[in-house]
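Structure at a glance
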Protein chains: 2
Amino acid sequence: MNKKGLAILMRTRMRPNDPPKLSLSLLTNELNQRLPNSQGNQSSGRTVEQASAEGNKKLNTEREFELVRESMHLAISMNKTEVLDDALDDFSAGYFSLESENRQRLLLLLAKEYDLNRTQVRELLKQYLGLEMPSGENAQSSGLEEEALLSAFYRIERNLRQSLKPMYEVLFERLNTHPGGLRFLSILREDILSILAEQNIASMRALDSYLKEKLSTWLSPAALELHQITWDDPASLLEKIVAYEAVHPISNLIDLKRRLGVGRRCFGYLHPAIPGEPLVFIEVALLKNVAQTVQEVLWDNPPIPECNATCALFYSISSTQPGLSGINLGKFLIKRVITLVKRDMPHISTFATLSPIPGFMQWLLAKFASQLKLAEAADMSQSSAEGSDSTFWENILETEEEKALLDSSVGIAAGKNGMEVMLNLLTSLHYEWTNSTNLLPVLKPPLMRLCARYLLQEKKRGKALDSVANFHLQNGAMVERLNWMADRSEKGLRQSGGIMVNYVYRPENIEEYAHSYFSKGQIHASAELHQDVKLSKELAGRAD
Amino acid sequence: MNKKGLAILMRTRMRPNDPPKLSLSLLTNELNQRLPNSQGNQSSGRTVEQASAEGNKKLNTEREFELVRESMHLAISMNKTEVLDDALDDFSAGYFSLESENRQRLLLLLAKEYDLNRTQVRELLKQYLGLEMPSGENAQSSGLEEEALLSAFYRIERNLRQSLKPMYEVLFERLNTHPGGLRFLSILREDILSILAEQNIASMRALDSYLKEKLSTWLSPAALELHQITWDDPASLLEKIVAYEAVHPISNLIDLKRRLGVGRRCFGYLHPAIPGEPLVFIEVALLKNVAQTVQEVLWDNPPIPECNATCALFYSISSTQPGLSGINLGKFLIKRVITLVKRDMPHISTFATLSPIPGFMQWLLAKFASQLKLAEAADMSQSSAEGSDSTFWENILETEEEKALLDSSVGIAAGKNGMEVMLNLLTSLHYEWTNSTNLLPVLKPPLMRLCARYLLQEKKRGKALDSVANFHLQNGAMVERLNWMADRSEKGLRQSGGIMVNYVYRPENIEEYAHSYFSKGQIHASAELHQDVKLSKELAGRAD
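Nothing here was measured: the structure is a model prediction, and the numbers come from that model.

Examining the overall build of chain A
Along the backbone of chain A there are 22 helices and nine strands. Out of the 544 residues in chain A, the part that is buried amounts to 50%. Long-range pairs, those at least 24 residues apart, make up 74% of the contacts in chain A between residues at least 6 apart in sequence. Counting only carbon and sulfur atoms, one obtains 52% of the accessible surface of chain A, whose full area is about 26,300 Å².

Below is the structure:
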């Protein structure tokens, strides 16, 4: 495919949830035939016509909805025959033709009306409770008797298991074995998740958790194929890379070609049931040293001759299916890529990432805000009852840091104290502080120190609070180095004040680190970072 | 790969359940180190040494068993970490090293000791029964209240579902996501099935049905890749074709090459998690007409120039995984092959099979035996109470057939009546009847007639009794023609008296036929075969 061809391709907007192009189903054909020709006769009575067209549209949408609902019912209730394939095709084509509002109605209907049969469940429960428990103790009872008793248990447990499956399980199972069905299920889940983001509906949540469980058993990492993505791949696949690159957006055709060319690698995980579309992909740069900024990675072409490279830098991992969120598809990916790169290029000995820290600013600003509130409350309570909330109070900034900050921000940002000044600076609309030669050196020490603390110590249920950190740590990486002003893009400044982090994978430690992270929540880091965190701790200690 | 190479390869015996070659695990290394060197010192005290070696072997086997048991326990109970992969590898390597008896012990232990926690199940059941049933009727109750009520149901139902999963489910799930694990699970099931073939143990049956259900959801037909197998494929794959060809064994290298060469095709379904090994494969010959004998299909090379072919004949379908028995992997296979062949060779318009009738003789001989017993009983009861069992009596042979049979079998086979003579002829050790020019024309009419009846009318739970017939009918084929003396191999004579059958797939009728077979058990057949069956019926009618 030539440059022009792909350029044309790339002019069309690529939305992550573009419905796959399906051949027109019977359903939509039928609907089109029923639609009145609303395009003719443009000269007179326009408003009346418009109103009638709108009415018609509503009526048609309703009819369409009913047809899709009917096809969904067929796809669930039909006997298992070859004709079932048609029913499933009808349903998916119909679903894609629905507008967002009707999709939502349909999913709610699926969650509520195709739930389980609770009367039947109750009946079976009572039967089960009526069975005498088999006791392994009385070994003198004949083996045959126990076998018979167990048989009864196995039978009723199987029935119980069956009756506890919601009716929509049939639809999921059938779609899974149907060509294109897994992709469709991932889109269904995407829609379910977007409903849940707005409203917390119990039945919808149950639908989601059921579908998620099914999807994760069907998408076994062992069935994923590692594919090196190159410029020779079909444009339909490359288009997905452009559309889903989540870390460093691909700006143009030359950028894409560079990322697939000399000195760089791109690998994707493909699943046979979702052909032509990597579920997750990783971009690698071959470098002399572990990179500190995105510019080093993305600008030069090639970075250095491949034979001189000693470091493989993972600079971007993106997943393409919002509907598969929460399902760990990255398992093995990094390990397999390391194995592959080591085999092909034995001169490469360092495997590292240059990663964003997506949660740092959010955490820091929340911390500032809560401390400022505590300080205010303390100020007020000093008049009534002294220092009541002081246990939660924490001096986040060092005295020298605070002083330097207040000195250099005069005339730029206001604030009662260092924290308030810093909060105002960091939330300024155009990140003016990043252009100030005065402010940058003053902000660097506290930001770097607090960022190390965030990565190494802030946890949620024993796991690193930062999602990217958690991903690499559970894969067996360690936190190596923080890089100041490594990503000056709007997104980089907003998420992490421009700081990026290198995680390092040492092949000989991967298993051990993954294990101690998993079992004890231990986060391995370089000595330098540990030092930063120790400082933070002492400071916090002093404040008590 | 040259001829000599493959010839060497093929000299080693290929067993379907050869364990995959695994790198030596820690486990077996350890064992080898512990083993006393029983090979030295061969000169004196041989019997004592032998006895001690045997004792040692027993002890070692027992130790080995305990180690594998321990690794299985680890693989189930361990927290989910990267180290888990090692535990799973240890377990599978250990399992392969066990002898059949110990595998059986281990599987029984898995079935019994890693079952579900019935005390916990009871606890949850009681909680569930304590919940007030949500009633959709009282619409006046606030939506919020109902949501809260439903939430409670969803939560406890999820817990209940979880508690009803046997503990061994964890092992299955973990192996499924583990490289090589699916293949290992299929071998586990193969062993389970061979235990169940000898003993009907309730817990083992429960283990099997659970594993079977899991395997069929994991091996989605949508994830299977259709691959044309050619002489250019790796020997390791071709070896599988030789080992698993179940219909017409591949006799030598030239035979294999012929089946993959001009005028023939071979297609296999590959699953990404079981690489290099088709799960099922189908062999096709391109012919002028629908073949009547195996010789026509297998002997000429090529049968005719490919451009003159009008018929694609499926002459063999084999599955390679005994552990996947009962899981329909052939779904879509025939349909997809038809689509492929039609696209590449538009001059081909007929799609047919030349199939064995594996159950015909077994059914016929049982029929004869039971009728002879009835006749005997009737003879005896005639002296006491007349014709008590006559309702089950059926005249299987026509009068003329019986007469001709008795006339031409004089001096070859004895018997009171036609049926007894026929039974003796068909069960003769060397199938002498197939070499007798007198007997062949006499046996042909009743055998062909009864075979048509067997295929078109004998059913079990609404499905064709013959397993191959059932496979093709559920795929949407019709029964076209019976072929006399079409397979004179020992297997062919033993299974079906040498008769073979052509099933025909008419692309335009596939869906309709599959549907009517599934929903009404309707078997479509050519007019000629229907005529044969009608004769059989009239005969049975006359006997009443």
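A word on the confidence of the model for chain A
Residue and element names in this part refer to chain A. A residue-level look at chain A finds 82% of positions with pLDDT of 70 or above and a mean pLDDT of 82. Taken together, the stretch residues 1-45 has pLDDT below 50 and engages in 45 contacts with residues farther than four places along the chain or on a different chain. Note on residues 384-389: pLDDT under 50 across the span, and four contacts to partners over four residues away in sequence or across chains.

Brief notes about the packing of aromatic side chains
Applying the stated criterion to the full structure yields 26 aromatic pairs over all chains. Stacked on the ring of Phe65(A), the Lys or Arg Arg105(A) has its end atom at 3.8 Å from the ring centre.

Notes on the pattern of salt bridges
Oppositely charged side chains may form a pair once their charged atoms are brought near each other. All names here are of chain B. Taken as a whole and assessed by the stated rule, the structure comprises 52 salt bridges over all chains. Across the salt bridge formed by Asp-255 and Arg-259, the nearest N and O atoms sit 3.2 Å from each other. Here the residue Asp-255 and the residue Arg-259 both occupy positions in helix α12 (residues 253-259), the gap between them amounting to four residues, near one helical turn. Across the pair, exposure class does not vary: Asp-255 and Arg-259 are buried alike. Two residues, Glu-480 and Arg-506, come together in a salt bridge whose shortest N-O distance is 3.4 Å. Taken together, the residues Glu-480 in strand β8 (residues 478-483) and Arg-506 in the loop between β9 (500-505) and α21 (510-520) connect sequence positions 26 residues apart.

A few points about the relation of the copies chain A and chain B
Two chain copies, one operation linking them: a rotation about an axis together with a shift along it. For the pair chain A and chain B, the relating rotation is 180 degrees, the translation along its axis is 0.0 Å, and the fit reaches an RMSD of 0.1 Å. Put plainly, the chains are arranged around a two-fold axis. Looking at the interface residues of chain A, 100% of them are also at the interface in chain B, so both copies use one shared face.

Brief notes about the nonpolar core
Residues Phe360(A), Trp433(A), Leu447(A), Phe360(B), Trp433(B) and Leu447(B) are the most contacted members of the largest nonpolar core, which totals 243 residues. Apart from the residues within four sequence positions on either side, Trp433(B) is in contact with Leu425(B), Leu426(B), Ser428(B), Leu439(B), Leu440(B), Leu443(B), Leu447(B), Trp484(B), Met485(B) and Gly497(B). Within the second largest apolar cluster, 18 residues are counted, among which are Leu125(A), Ile156(A), Leu160(B) and Leu164(B).

Focus: the sheet that holds strand β1 (residues 225-228) of chain B
Residues and elements named next belong to chain B. Strand order in the open sheet made by the seven strands is β1-β2-β3-β4-β5-β9-β8, with mixed pairing throughout. Only two strands of the sheet have a single partner each, and these edge strands are β1 and β8. On average, adjacent strands in this sheet sit at an angle of 30 degrees to one another, irrespective of strand direction. Pairing of strand β5 (residues 350-353) with β9 involves two bridges; the strand directions are antiparallel.

Notes on the interface of chain A and chain B
With 65 residues of chain A at the interface, the matching set in chain B holds 65 residues. Of the roughly 5,600 Å² buried between chain A and chain B, counting both surfaces, carbon and sulfur atoms make up 57%. Here chain A and chain B share four salt bridges between them. Counting across the chain A and chain B interface gives 17 residue pairs in polar contact (both at pLDDT 80 or more).

Thresholds, definitions, all that
- Residues numbered from 1 in each chain as written.
- Chains lettered and ligands numbered in written order.
- Predicted model: local features only at pLDDT ≥ 70, side-chain atom pairs only at ≥ 80, totals over all residues.
- Heavy atoms only, no water.
- Helix = DSSP H or I, 4+ residues; strand = E, 2+ residues; numbered from the N terminus.
- Buried < 20%, exposed > 50% of the residue type's maximum accessible area, 1.4 Å probe, protein only.
- Contact = heavy atoms within 4.5 Å.
- Areas by Shrake-Rupley, 256 points an atom, 1.4 Å probe, with all protein chains shown as cover.
- pLDDT = per-residue confidence, 0-100.
- Phe/Tyr/Trp six-rings, centres within 6.5 Å; stacked < 30°, edge-to-face > 60°.
- Lys NZ or Arg CZ within 6 Å of the ring centre and 35° of its normal.
- Salt bridge = Lys/Arg side-chain N within 4 Å of Asp/Glu carboxyl O.
- Least-squares fit on C-alpha atoms with pLDDT ≥ 70 in both.
- Core = buried A, V, L, I, M, F, W, Y, C linked by side-chain atoms within 4.5 Å.
- Pairing = 2+ DSSP bridges.
- Axes fitted to C-alpha atoms, helices over the stretch in contact; angles between N-to-C directions.
- Buried area = accessible area lost by both parts, 1.4 Å probe.
- Polar contact = N/O pair within 3.5 Å; in protein donor to acceptor, adjacent residues only side chain to side chain.

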